[in-house]
Amino acid sequence: MSHVKNKGSHGIVGDVSKKDEIYPIALQITGALGGLDVLINNASDLGPVPMQLLADTECEDFERALATNTLGPFRLTKALLGSLAASARQGRTAVVLNVSSDAAVNPYSRWGAYGASKAALHHLSRIWYEELKEEGIQVLSLDPGDMHTPLHALAVPDADTSLLKRPETAAIEFADAIGRILSRRAEAQPTISEDVVP
């Protein structure tokens, strides 16, 4: 989201797991939008599929999960911090939302690569919340719950999809969480809530 030089949707192709693609992605984002108010890091990699015991996980599968789920959001956020800080200085709310998982806090067997990488992202979010709040940048780490997505189908092929959250519902919940931050800023109230990583 941006404060919006150009309204509408802008497609940008890139792989956040690849270090060399981060700055081109960041430049395309700021070029298309004219700045940045909200960054949502949502890309995810399960690691090995079918899910495996951690001791049986290939190093390459673990590295891919870390590159996508932890290093990718770290690098992209770092590359866009200048734009986010500029938005905050201009009186707009700057937000980074990192999409987490209950696997970040619960040690599920056979979810080692995914769980460890999401746990690292969650704690990274907590640290950045502390470090960036004085600059006016809010950092959230939110778990949308189990969703009816291709990624979930890979992880749990026999899941009852009728019990899974629709992605559009999670998107509304994320927008609502960001909206609460915007409202608090407008009302000049304290910025910590159950949604913001303490």
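Before any of the text, the structure's been laid out above.
A.B. asks: Which residues make up the packing of helix H1 (residues 19-33) against helix H2 (residues 59-89), and what are the values?
C.D. replies: Two elements in contact, H1 and H2, have axes whose closest approach is 9 Å; the angle formed by their N-to-C orientations is 35 degrees. Pair H1 / H2 crosses with right-handed handedness. The residues of H2 that touch H1, namely those facing Lys-19, Ile-22, Tyr-23, Ile-25, Ala-26, Ile-29 and Thr-30, are Gly-72, Arg-75, Leu-76, Ala-79, Leu-80 and Ser-83. Among the residues making up the contact of H1 with H2, the classes are represented as 8 nonpolar, 3 polar and 2 charged.

A.B. asks: Describe the pairing of strand E3 (residues 137-142), and please don't skip the residues or the numbers.
C.D. replies: Moving residue by residue along a regular strand, the side chains alternate between the two faces of the sheet. Summarising burial for E3: 6 of the 6 residues are buried, a large majority. Burial of E3 is two-sided: the residues Ile-137, Val-139 and Ser-141 facing one way and the residues Gln-138, Leu-140 and Leu-142 facing the other way are all buried. Sheet topology places strand E2 (residues 94-99) next to E3; 6 bridges connect them, and they run parallel. Along E3, the bridge assignment pairs Asn-98 with Ser-141. Read from E2 through helix H3 (residues 112-132) to E3, the crossover connection turns out right-handed.

A.B. asks: Any details on the sheet that holds strand E1 (residues 38-41)? Residues and values, ideally.
C.D. replies: On the basis of which strands lie adjacent, the open sheet formed by 3 strands has the order E1-E2-E3 and parallel pairing. Each having just a single partner strand, E1 and E3 make up the two edges of the open sheet. For this sheet the average axis-to-axis angle between neighbouring strands, irrespective of direction, equals 15 degrees. H2 rests against E1, E2 and E3 of the sheet, and its axis sits at about 165 degrees to E1.

A.B. asks: Describe the packing of aromatic side chains, with residues and values.
C.D. replies: The tally for this structure, following the rule as stated, stands at 3 aromatic pairs. Considering the side-chain rings of Phe-74 and Trp-128, the 5.4 Å spacing of their centres and the 15 degrees angle between planes classify their relative orientation as stacked. Of this pair, Phe-74 sits in helix H2 while Trp-128 sits in helix H3, and the two are 54 residues apart along the sequence. The class for Trp-128 is buried, based on a relative accessible area of 9%. Between Trp-111 and Tyr-114, the aromatic rings sit 5.8 Å apart at their centres with planes inclined by 70 degrees, giving edge-to-face as the arrangement. Trp-111 sits in the partly exposed class, given a relative accessible area of 22%. Tyr-114 gets classed as buried once you look at its relative accessible area, which sits at 8%.

Calculation rules
- Residues numbered from 1 in each chain as written.
- Predicted model: local features only at pLDDT ≥ 70, side-chain atom pairs only at ≥ 80, totals over all residues.
- Heavy atoms only, no water.
- Axes fitted to C-alpha atoms, helices over the stretch in contact; angles between N-to-C directions.
- Helix = DSSP H or I, 4+ residues; strand = E, 2+ residues; numbered from the N terminus.
- Left-handed = near helix turned anticlockwise from the far one by under 90°.
- Contact = heavy atoms within 4.5 Å.
- Nonpolar A, V, L, I, M, F, W, Y, C, P; charged D, E, K, R; others polar.
- Buried < 20%, exposed > 50% of the residue type's maximum accessible area, 1.4 Å probe, protein only.
- Pairing = 2+ DSSP bridges.
- Right-handed = clockwise from strand over helix to strand, strands pointing away.
- Phe/Tyr/Trp six-rings, centres within 6.5 Å; stacked < 30°, edge-to-face > 60°.

Remember that the coordinates give geometry; whether it matters functionally is a separate question.
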